[in-house]
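# Analysis of the macromolecular model
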Amino acid sequence: MKKVMTTIYGIKNCDTIKKCKKWLEANNLTFTYHDYRTDGIDKEMVTTFVKQLGWENVLNKRGTTYRQLTDEQKASLNEETAIELLLEMPAMIKRPVLIHNNEYHLGFKPAQYETLFDI
């Protein structure tokens, strides 16, 4: 196993998380997995994601949780309100958030990870 400092964040029933974990394992890459629902989430974590990746990128607008927001909630979105909503509803955080060697990345695409992990 290659020694890397990698953590992925998400929720276990997410198909993208499953694909990401499977890809990392298939490529013999060690990683830590943090599940928002079982391992928790806090304002510091979400704020760091937003500062590193941008709140517009971290907020998953394609998911059902976002679509269930009121028009008023959607209209009033800014960095501060997005952080509060993401804390309240972590399923709205785009998945996975991956931290590899202290660099933040969002989403999973095999080609992106091949470049990232130099495979």
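Each chain has its residues counted from 1, running along the sequence as written. For this predicted model, a pLDDT threshold of at least 70 governs which residues receive local features, and a threshold of 80 or more governs which side-chain atom pairs are given and counted, while totals over whole chains, interfaces and linings are taken from all residues. Based on all heavy atoms of the structure, the side-chain values leave hydrogens and waters out of the count.

### Examining helix α3 (residues 43-53)
For every residue, the accessible area (1.4 Å probe, protein chains only) is compared with the maximum for its type, and the residue is labelled buried under 20%, exposed over 50%, or partly exposed between those bounds. Numbered from the N terminus, helices here are DSSP runs of H or I no shorter than four residues, and strands are runs of E no shorter than two. Taken residue by residue, α3 has Met-45, Val-46, Phe-49, Val-50 and Leu-53 as its buried positions. On an axial view of α3, the arc spanned by its buried residues comes to 130°, and they lie on one face. The exposed residues of α3 that point more than 90 degrees off its buried face are Glu-44 and Lys-51. Side-chain atoms alone can form a polar contact between residues adjacent in sequence; in general such a contact is a pair of N or O atoms within 3.5 Å, and within protein one must be able to donate a hydrogen while the other accepts it. Put simply, Asp-42 is the residue that caps the front of α3, since its side-chain oxygen is 3.3 Å from the backbone nitrogen of Glu-44. Directions drawn from the helix axis to the C-beta atoms are what define this arc.

### Describing the environment of Thr-47
Looking at where Thr-47 falls in the secondary structure, it is placed in helix α3. A distance of 2.7 Å separates a polar atom in the side chain of Thr-47 from the backbone oxygen of Lys-43.

### Considering the packing of aromatic side chains
The geometry of two aromatic rings is summed up by the distance between their centres and the angle between their planes. Stacked, edge-to-face and tilted labels apply to pairs of Phe, Tyr and Trp rings (six-membered ring for Trp) whose centres lie within 6.5 Å, assigned for plane angles under 30 degrees, over 60, and everything in between, in that order. Tallying each qualifying case throughout the model produces 7 aromatic pairs. Between Phe-49 and Tyr-104, the aromatic rings sit 6.4 Å apart at their centres with planes inclined by 65°, giving edge-to-face as the arrangement. Separated by 55 residues along the polypeptide, Phe-49 in helix α3 and Tyr-104 in strand β4 (residues 103-106) bring together distant segments of the chain. On the basis of relative accessible area, Tyr-104 is assigned to the partly exposed category, the value being 22%. Put simply, the rings of Trp-23, Phe-108, Tyr-113 and Phe-117 pair up and form one aromatic cluster. Each ring is checked for a lysine NZ or an arginine CZ that lies within 6 Å of its centre and within 35 degrees of its normal; such an atom marks a charge sitting over the ring. Between the NZ or CZ atom of Lys-21 and the centre of the ring of Tyr-33, over which it lies, the distance is 4.1 Å.

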